[in-house]
Structures are given as C-alpha cells and as structure tokens.
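Given next are the chains, with one letter for each unit.
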Amino acid sequence: MECLQKSHILSWANNYCATTVLLMATSRLNYRSCQAKLHTFRTIPQAFPGSKLSVCSRQGGFFFLISQNYSKSRNANSKAPEKIKLSVRNSSALTETNREEHTEKALYKDHSVSGDAIRRRFLEFYASRGHKILPGSSLVPDDPTVLLTIAGMLQFKPIFLGQAPRQVPRATTAQKCIRTNDVENVGRTARHQTFFEMLGNFSFGDYFKHEAIIWAWELATKEFKLPAERLWISIFKDDDEAFRIWNDKVGVPEERIKRMGEEDNFWSSGPTGPCGPCSEIYYDFYPDRGYAGTDLGDGTRFIEFYNLVFMQYNRNDDGSLENLESRNIDTGMGLERMAQILQKVPNNYETDLIYPIVECAAELAGVKYGGADNRIQTHLKVIGDHMRAIVYLISDGVTPSNIGRGYVVRRLIRRVVRTGRLLGIKGDGRGDVEGAFLPIVARTVIDLSKNIDPDVKASSDRILEELRREELRFVQTLERGEKLLDQLLCEALESAKGKDNCRPCLSGKDVFILYDTYGFPIEITNEVAEEKGVSVDLQGFEAEMDIQRRQSQAAHNVVKLSVGSAISELTNRISETSFLGYDTLQCSASIVGLLVNGIPVAEASKGDEVEIVLNKTPFYAESGGQIGDHGFLSLQGSGENISQSIVEIIDVQKSGGSLFVHRGLVKEGKISVGTEVNAAVDAILRQRAKVHHTATHLLQSALKKVVGNETSQAGSLVAFDRLRFDFNLHRPMSEHEITKVESLVNTWIGNAVPLQSQIMPLSDAKQAGAIAMFGEKYGDEVRVVEVPGVSKELCGGTHVSNTAEIRGFKIISEQGIASGIRRIEAVAGEAFIEYVNSQDGVVKQLCSTFKVKVEDIPRRVDNLLEELRTVRNETSTLRAKMATMKASMIVHTASVIGTAEASMHCRVLVANMDDLDAESLKAAAEHLLSLLNDPAAIVLGSSTDGKVNLVAAFSPKIVKCGLQAGKFVGNIARLCGGGGGGRQNFAQAGGRNPEKLIDALEKARTDLELALSTSS
C-alpha cells in the first residue's frame, strides 16, 4: 500500500478548508480492505505528533485519513510534526464502540452550520438587503399546470406573468419542494432527493444581474466563508454581461468561469414565455486536480449549490426574443447541498437535515449506518429522503390514493415499506410484528420540522395514523403479491416442462406488475426466482420501467409560464378591483376592461358573450369553495337613445388574485369601456350562498366534535343549491354519527348565534386559533369569521349575520371519494325547505301507491323485496334445470381424441349454447363434466344482451396434460374483445363482440384437439 508524499498530503489538507487538517494516506478502498490493512498504517513513520489515524468514506469509497489540529496561519515552511497518535474513527464506516467520536456528530454541534442556521442566515442576509422574508407555500400549489410545488418561484408565478401586482419589490423565501421524476436515483447519488428545501431571493422588476451576482458571491464567501478559490462559475455562452460582472467586478479568474450552452444555462418554462440566461455557482471538492479538462458536470468533484436566473426576455411564437418591460431575478440555493459543503460530509443524507432519520431507520433495522455496506446504506438513505417527502405531503393535506398527488404519496410510502423489508425490519422494528415502523420514523421527521413548517407538529396525530393505516394495508398487498409470485413461478416451471434447452422465465411485464402493484422489489423477485430455478426477464422489466419514467417525467414537472393573454395585459394596466360585496349588493361602477371571445374590445352588443372588469364591484368572485355571484349590469340610456342596456352576469372569477372578471351575456343594448353601470347582485342567490357557507363552517365544527378533532377539510363547494364538504376519515360515518352531526348543526342554528367578522394580521389570527380554509391563499392581513362558541375560521366568503337565517340543515349523502377521504353533501336554508318538500312528495306518492300509512311503508317494501327474492330464486333454479337439460341433449356430440392403441382417450365438447346467461352456462358445463368420463375438456359459449359468456371445464387428467382452464378460456375470450380466467380446472370469461363467438369457439375446438392429440 502506497502513502502519498508529505508535500502532497499538506497541499490536499490546506485545500480542504477545515480547522482540522485531514491528510489522505491511501487510494480508494472498500471498508473491509481498510479495516484489514489498518495494521499497515500503524508502522507509518511517526512524523506528525498529535495526529489521529481514521477510516473515512468519501465519494463512494473509503480512505485512511491522518488528522490533526493545524492552524491556517501556520507558516507553510514550519517543521512538520514527528509523531502519529493512532486511533480508529470513521465518518461513514462507524463501529459501535466509537460512535461518540463520529466526525459528522462533532460538526453538527457547530450550530452556525446546522441546517436551521444555514436557512436562517440566508434569509437574514437578504432581509438586510431590503428583501421581505415571506413564508413558503404549500406543497399543493394553487396552479393547475403542476402537480406539486417543484420550485421556489412557483408562488410568484402570477407576478412574473404580470397577472398579479407585486406586493413587494424584493422577497426571500425558504420553500419546501417535491420532485419525483427520477426517484430511482435517490440514495444512489450523493445529492438526489425527492424532498428538498430551496432557499431563494427574488426581484420583481427591481434589481437585476449586477446586484444578484455581487450578493450571491458575498453570501457564499463572506457569510458562509467558502474559500473563493474553490468556487467555479457557469454562465450562458452569450452572456457577456454576466462574464464581465463575475470577472471584472467579483474577480473570479477567467479559467474558473465556464461558458455553457442553452441546454445547461438558459432557463425557460416552455416554447414561449419569460426566459433568460442563468449563472450557477459550483463548489470544488478537489481543487488540486487543476484546471485542465475541467468538467463542471463531474459529480465526484463539483456540486452546484446556487442558481441565478436572469428573467429578461419573452420568447414569442416564432422563437424570437424580446426584452421584458420588467426584468426579474429568480434564484435558488439547495439547502441540503449547502449543508453538505459546510458540514463537510460526503453526501446530503449525512447532514443534520436527514441523518437523524437515517439513524432512526438503522436502529429499527438493527444495523449501524457507518458499518454497513453500500447496499444497506442506500436503503437507509431512501428511507431518510422519502420519509421527509411523505410527512410534509400528508401535513399539507395530500392523502394516499391511486390518482394525482395521492398516488405520489402512496408510491413513496410503498417504496419505504418494501425498503424496510429489504433491511429486515419486521413489524414496527421494536418487537411488535403486527405493528408499523413508518410512524416511528415519522416522529423523527416531525421533531426536525419545527423551523421548516410548524404546522407539521400540529398535524402529527393525523400524519402518524395515516402512515400506520397505509403501511398495514400495503403489507397485506405484499402478502397477496407473495402468493401471486408463487403462482407465476409455478406457471413458468410448468410451461417449460418437456421443452429442450428451455429455462423457465418470468416475463418483464409480470415482474413489473409485482413491483408496481404489489410493491415487490426486483431484488426479492430475482432472489426467490433463482431459488426456484426460474430466470427473470430484466430487460423486459427495464422496458416497462422506462415507460413509467417517461409518463412520470411528462406529468407536471415543469413550471409553465406564458404571457400575452388578454387578461394578463389587463392586469398589467388596471389596478385591482375594489370589492364592496360584504356591505352592499349593488353599486355604480365603471367598465375598465371589456373582452369578447377573449379579445379586448371597446364595445359589445346584444348577444355577445363578454368578460367585464369593473373598477369596483358588489359581486363575489369564486374562491374558498364559494361560487361567484349572479346578477345584472344595467345602463339607462339618455337623450334620443333611451333604451336600456343589460348584461346578465352568470359567473365571476379572479384573475391574478386582484381583478374580478364578470362573465355574462349582453341581453339588451350596448356597453362600452368607460361606461358607468349599475352593478346589482341577485339577492336571493347570494342569500343561498351565504347560508350554505356559514353552514359549512358549522358542519366542520360538528365533525370535529363527533368524529374527532383531527378531522380536517380536504375540499369544499358552496353553491346556491347545496354545499359539499370533503374531509379526511378512513371509514364511513355511522348513521348515529350522521344524525348527531345534523343535530349539533341544527342546535346551533336554533340558538340564533350572531356572527362576528374582523380583519387582523395572519399571525394574530393563527395564534387566536382560527382554522384556515382548504385551498385558500392568505396575505399578511386576513378576515376572520367567528360563530362565537362554535367556530373561528379564516375566510373571505360571504356569511349570514345570524345562524337563525340558515333555518335548517340536512345531510343528503355521505360517501368515500378516495382513500381516506369522505364527502358530505348537504342542504340548508331555502334549499333545505325544497328538499324536505320534495321528500314529502315522494312519501305521499308511496303511500298512495301501496295504499298504506307512512309508518307502514318500510314493512310493505320489505315484503315486496322478499317476494322478489323468492321469484328470482325460482327463476334461477328453472334456468339451471333448462341448462342441464340442454347439456344432456348435446353430450353425444363430444368428439374423442386418441386411437384404440393410445393410452388415453380424451373427450372434447365445444358448443354454442345460444342465449344462456353466465350462471346457466356454468351449470351446463358442470353437468357435462359429470356426464363425460375423465379425461374430458368442455368449452361452452353464449351471447346475451350484446355480451359474450364463455366457460371452460377440464377434468383432472386434462389438467395433468398441461392445459389450464383459466389461461385457455382467457385467450379465447380475447378473440371476442374480452378476457377472463379462473382455476386450472374451471374458469369463466366474457367479451364485447358476440359476432366473433362462432370463430372463437372454432378456435377453441382446434386448439384443444391439437393439444390433446400431442398429449395422447
């Protein structure tokens, strides 16, 4: 084993930028080799007194490191130490006896470079430069073009588009982000993550490139004290302005500034819209490698930690670029990446942001992260990363399901569960084999969330219960997958019998189904298959995985920006609409914007569908679940033209959060921009909306009391005819619970409680216990609506002044709409009266039809149902008898396969049974099988109501010949546009094309005769 020269060691150590010098003493080895050869280093000439010999991991391998306290101000020519003090310490390959000496643990104690400190220092740095610290947004974006929040700039998208006015000229945020398009790389690289925090500073038409670059450099080199000589810069190849700032103003040498192409250093959201060059700052872990042939994409040497986007152009449809009137700055610094650099750890997972989660998982698995091999460490990293994503998504209201965001959570949960099984975690990992380990790991994530998102702690009970339930449910799915795997292996072995040089093989599609549907890791499938002597089509599996990856990457992983729409242009030149609707239902207003078919016009006439922007309005625009008001805009003519102009308003929407867009139809006359109109809301419909909105608040409070305080809103609709309320609950409500909720709400209505509303700072409202409404965005000041003693919520909607106005409340339905999500539909006020009257009419009609009193209706209906069941059973029995009689008449048509000399004579009967239903067809097949001697194979078909029914029944000897009824009839059914399957000896199938039945049965006859001729 070869040691480096002392001069090389000291050079490397000085470049490491540490108060403790680390001296590399050997080339990359695996951990076992390092431990085995440790004795070699004990004979190294003792040239460095006070030093320690350590085994440490870095960039995927292990190294011996000699460390000692070494002052940076020491004269380079000073005499080197003469003695080594030996001890073993390992930052990644840690042993049980020296855990307290863990290098990273020591670094975590330096609170100035903890993850929380880095976040705080970043925000304070920009706050001192005129930026307002704004809260990060939810992982569930208020943007239909993206599934999840994937970038720090997403909450500012309307401002960048010009759809909303800027509230501040400069802002800085710490934003939670989720990206799952390359989830397979998590744990395999040093910095791939699904959940990460993006620290950003933003300028909305204020400062630009010069300040952004200067401040980014100051932050890196002065605030975080990164050595300037370790920082490299990338710029867009044509951005000479950025080059001059970096080179002339900052002083970065030209050889450390890399010009890169559009693919790497030109930001755009799509083919059109805002775009511009970007510049990135990279940290160099190995500056001693020099400048020759440097590639910033070399992940073993560089890490990009800060990206500056200079949004200065708009790309037109023809591809041309034009300067934006308002140039913006959008930056992003990866918190985990900066933590990796400052905490001097080999990857993001060993920072204090993630490592405590990794340690928790390792403890449950009974392993030590430091002493584990690469495979085990990768699994632990996957759990560390995914658990952060899962906890924060559930906290933000995403529940596991099979669609959209819910599928993202479910997929991550299942990856963690199956990864835990690969690590050997059984049950909860602490002795309860029927328990769940995800809630235990999640508690560590929740403990770390205080400075990221305080709401996580408040939602902890809901998060833990959701994880427990989902894990236990998935474990059952895994057990079903084990049974399926056994079945597939048996089928593969059976199909290979009698075939020379044919090794049984699991298809890539089957392996993918096991992986994707049942959560079976490819490693487990491969291992079990090998034990059975079955190979696995890994190439086919990868092909299926590629299809899924492409679908995942294509869905909602880019922030779409586009400019130029008419509404966007209006937003740029029109001040926000003043809403007067809390205090009045009509007012005079000026038309400041007018569109017909989406095109700005000066005038609109009778019959035109229009979008109108007023300077002020009493109309409520749809938000917070409440639909927009209806009503009229009217203009009385004067002079010779005395006819009245009328516009019927049928919807009101917000644009960019500030403009109210009134959509309607010109019923009479003409309207034009600048005209003064009378805006009048339909008072009856407004009252219906107010009643249903206040009833929604009462409903949520009642659910919390009856079902549990952890119940929270997952969506709502406040309409004129009903209300709809979605909430998290993993079971149906009982009739008793529904009745109790109704009773509570009606009690509060009867108590005639006056409502109170007030405007207050958001922080004060939250401190007062006000509940935020699902999907609503809030500014610095909010409106709090309170039903004293009942509910207190942040809400911008319209409400009654007293609960007595609601008059009555009735739940119409309660049902599940997704995994863990229930939906209540209810009516109140006038809609409640209409509903009661409607139900009363139905009851009266039933009384008249059945000639009974109201109280006797249930008994009369029960009697009718019993009579109907009796008739149906009798009919079914008669059909079965008819089917067996028909079968007896065709038994003689069975053909015999085999000769007199053959060892086995097989009887085959394939027939079209015309219009027998599926149950009768089954009875006929069973009867025929009992009449024909073993071996016998029967395939019957029929068509009823435009559908095909098929059944296959094979005797035991037929099955022993290798024929399986399930597979056989499934293949035949595909000819009829259907499918099916079942047991080896009996199976049913169906199809959609009755016209193909004759051909399908002929195919069945041919295949059976061929297969049985070969066997006999």
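Worth saying up front: this structure is predicted, and the values here are computed from it rather than measured.

Visitor: Looking at this structure, how should I read the packing of aromatic side chains?
Guide: We describe a pair of aromatic rings using the distance from one ring centre to the other and the angle between the two ring planes. Summed over all chains, the structure comprises 21 aromatic pairs. Relative to Phe202, the ring of Phe156 lies with its centre 4.8 Å away and its plane at 55°, an arrangement referred to as tilted. Of this pair, Phe156 sits in the loop between β4 (132-133) and α6 (157-161) while Phe202 sits in strand β6 (residues 195-204), placing them 46 residues apart in sequence. An identical accessibility class is assigned to Phe156 and Phe202; each is buried. Taken together, a centroid distance of 6.5 Å and an interplanar angle of 50° make the contact between Phe512 and Phe541 tilted. On the criterion of sequence distance, the pair formed by Phe512 in helix α17 (residues 508-516) and Phe541 in helix α19 (residues 538-554) is long-range, its members being 29 residues apart.

Visitor: Please clarify how the sheet that holds strand β32 (residues 809-818) should be interpreted in this entry.
Guide: Pairing between the strands of a sheet comes from backbone hydrogen bonds, and it takes one of two forms, parallel or antiparallel. Strand order in the open sheet formed by four strands is β26-β27-β33-β32, and the pairing between neighbours is antiparallel. A single partner strand is all that each edge strand has here, and the edge strands are β26 (713-718) and β32. Strand after strand, the sheet turns through a mean of 15° between neighbouring axes, direction not considered. Of the strands in this sheet, β26, β27 (723-728), β32 and β33 (821-828) touch helix α21 (residues 683-706), which is tilted by about 25° from β27. Contacts from helix α24 (residues 830-850) reach β32 and β33 within the one sheet, and its direction differs from that of β33 by about 90°.

Visitor: Quick question: what am I supposed to make of the nonpolar core here?
Guide: For soluble globular proteins, the rule of thumb is that nonpolar side chains tend to be buried together. Of all hydrophobic cores here, the largest spans 115 residues; its most connected members are Leu226, Trp246, Phe305, Tyr306 and Met387. The element contributing the most residues to this core is helix α12 (residues 374-395), with 11 residues. Those residues in contact with Tyr306 that lie beyond four places of it in its chain are Phe122, Tyr126, Asn201, Ala216, Leu219, Ser279, Glu280, Ile281, Thr331, Gly332 and Met333. Counting residues in hydrophobic clusters, the runner-up holds 31 residues, among them Ala695, Leu699, Val707 and Val741.

Visitor: What is the right way to read the pairing of strand β7 (residues 231-236) from this model?
Guide: Put simply, side chains in a regular strand alternate between the two faces of the sheet. Counting buried residues in β7 gives six out of six residues, a clear majority hidden from the surface. Alternating residues of β7 divide into Leu231, Ile233 and Ile235 and Trp232, Ser234 and Phe236, and every residue in both groups is buried. With four bridges joining them, β7 and strand β10 (residues 273-284) adopt antiparallel strand pairing. Bridge pairing in β10 places Trp232 opposite Tyr282. By the bridge criterion, four bridges tie β7 to strand β8 (residues 257-260) in an arrangement that is parallel. From the neighbouring strand, Ile235 faces β8, where its bridge partner is Arg259. Crossover handedness for the path β7 to helix α8 (residues 240-250) to β8: right-handed.

Visitor: Help me understand the sheet that holds strand β29 (residues 771-772), please; the structure alone is not making it clear to me.
Guide: As summarised here, the arrangement of the four strands in space is β28-β30-β31-β29, forming an open sheet in which the pairing is mixed. Since the sheet does not close on itself, it has two edges, and those belong to β28 (756-761) and β29, each with one partner. Pairing of β29 with strand β31 (residues 791-794) involves two bridges; the strand directions are parallel. The partner of Ala772 across the bridge, within β31, is Leu794.

Visitor: For this particular structure, what's the right way to read α17?
Guide: In an α-helix there are 3.6 residues to a turn, and that puts residues three or four apart on one side. The complete set of buried residues in α17 reads Gly508, Val511, Phe512, Leu514 and Tyr515. For α17, the buried positions fall inside an angular range of 160° around the axis, keeping them on one side.

What counts, and at which threshold
Residues numbered from 1 in each chain as written. Predicted model: local features only at pLDDT ≥ 70, side-chain atom pairs only at ≥ 80, totals over all residues. Heavy atoms only, no water. Phe/Tyr/Trp six-rings, centres within 6.5 Å; stacked < 30°, edge-to-face > 60°. Helix = DSSP H or I, 4+ residues; strand = E, 2+ residues; numbered from the N terminus. Buried < 20%, exposed > 50% of the residue type's maximum accessible area, 1.4 Å probe, protein only. Pairing = 2+ DSSP bridges. Axes fitted to C-alpha atoms, helices over the stretch in contact; angles between N-to-C directions. Contact = heavy atoms within 4.5 Å. Core = buried A, V, L, I, M, F, W, Y, C linked by side-chain atoms within 4.5 Å. Right-handed = clockwise from strand over helix to strand, strands pointing away. Arc of directions from axis to C-beta.

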